[in-house]
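# Results of the structural survey
Listed here are the chains, written in short residue letters.
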Amino acid sequence: MGLIDIKRRIAAAEAAAGRPTGSVQLIAVSKVQPADRVEAVLDAGQRVFGENYVQEAAGKWPDWRHRYPDVEVHMIGPLQTNKLKLALDLFDAIHTVDRPSLAQKLARQVQARGSCPQLFVQVNTGAEPQKAGILPQDADAFVAECRGLDLPLAGLMCIPPDDQDPVPHFGQLREIAARNGLSGLSMGMSADFESAIAAGATHVRVGSAIFGARDYR
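Source: prediction; values computed, not measured.

Time to look at the packing of aromatic side chains. By the definition in use, this model includes 2 aromatic pairs. Seen in terms of ring centroids, Trp61 and Trp64 are 4.9 Å apart; in terms of plane orientation they differ by 65°. Their pairing is edge-to-face. A residue pair is termed a helical-turn pair when its members lie 3 or 4 positions apart in one helix, as Trp61 and Trp64 do in helix 3 (residues 54–67) at 3 residues. Since its relative accessible area comes to 1%, Trp61 is described here as buried. The rings of Phe49, Trp61 and Trp64 are connected pair by pair, giving a single aromatic cluster.

Put simply, helix 5 (residues 100–113) and helix 6 (residues 139–148) touch, their axes get as near as 10 Å, and they point 15° apart. The angle between helix 5 and helix 6 falls in the class roughly parallel. Judged by the sense of rotation from one axis to the other, the crossing of helix 5 with helix 6 is right-handed. Counted together, Pro100, Ala103 and Gln104 of helix 5 and Phe142, Glu145 and Cys146 of helix 6 form the full contact between these two elements. Split into classes, the residues belonging to the contact of helix 5 with helix 6 amount to 4 nonpolar, 1 polar and 1 charged.

Okay, the pattern of salt bridges next. Evaluation of the coordinates by the stated rule reveals 13 salt bridges. A salt bridge links Lys60 to Glu51, with the shortest nitrogen-to-oxygen separation between them at 2.9 Å. Each of the two residues, Lys60 as well as Glu51, counts as buried. Ionic pairing is found between Glu128 and Lys131, a salt bridge with its closest N-O pair at 2.6 Å. Given the relative accessible area of 14%, Glu128 is considered buried. Here the residues in one salt-bridge network are Asp5, Arg8, Arg9 and Glu194, joined through shared partners.

Cut-offs applied
Residues numbered from 1 in each chain as written. Predicted model: local features only at pLDDT ≥ 70, side-chain atom pairs only at ≥ 80, totals over all residues. Heavy atoms only, no water. Phe/Tyr/Trp six-rings, centres within 6.5 Å; stacked < 30°, edge-to-face > 60°. Helix = DSSP H or I, 4+ residues; strand = E, 2+ residues; numbered from the N terminus. Buried < 20%, exposed > 50% of the residue type's maximum accessible area, 1.4 Å probe, protein only. Axes fitted to C-alpha atoms, helices over the stretch in contact; angles between N-to-C directions. Parallel < 35°, antiparallel > 145°, perpendicular 65-115°, else oblique. Left-handed = near helix turned anticlockwise from the far one by under 90°. Contact = heavy atoms within 4.5 Å. Nonpolar A, V, L, I, M, F, W, Y, C, P; charged D, E, K, R; others polar. Salt bridge = Lys/Arg side-chain N within 4 Å of Asp/Glu carboxyl O.

So yeah, pure geometry; function would need other evidence.
Set out below in structure tokens:
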């Protein structure tokens with residue numbers, strides 16, 4: 001199974017970076033994956049999963065949570081404000097706090113509820129116009145704004161450009177986190193998670209290397 005290989009590679013990358021075993025959390029990205037594949041990974045002991053779409057997560061995770069009560073589900077895709085209430089019901093962490101309007105609505109909902117998932121600010125390290133995220137030069141101010149809204153930030157997240165070496169992007173995210181006193185770094189996917197771990201990632205998001213290729217038909 002891909003899961004065993006990925007866990008072995010994560011442990012090797014932790015050791016190579018001089019980091020304790022288990023210091024990196026694997027998020028198995030289960031979006032658009034058939035139920036039998038996800039259940040096989042659940043049965044193999046994986047308990048942290050990532051989803052990109054609120055509606056898809058709402059359709060499948062309540063039942064699995066009932067059967068696997070220690071599971072965590074993380075939102076790793078763009079979050080529309082009209083889906084926010086449902087997202088707060090569904091997710092243990094949101095990795096895509098990416099704009100002031102979302103932060104403000106999130107703060108109001110969280111205050112009303114009295115509880116909050118783990119929150120990561122998404123930084124658009126490549127300044128790609130088609131990609132969500134706060135621009136690097138605006139990240140410090142946005143982190144301060146979130147804290148001013150009493151949002152408990154766990155860290156930062158990025159998705160480097162496909163056509164660039166990801167390592168400088170990981171380094172940039174680490175620097176922004178360090179100067180803002182944030183310890184969480186959600187960075188690294190199937191193709192580059194070992195480089196991300198070497199750069200300090202605390203959460204890596206791996207999908208197809210665990211489950212197999214997605215079929216979007």
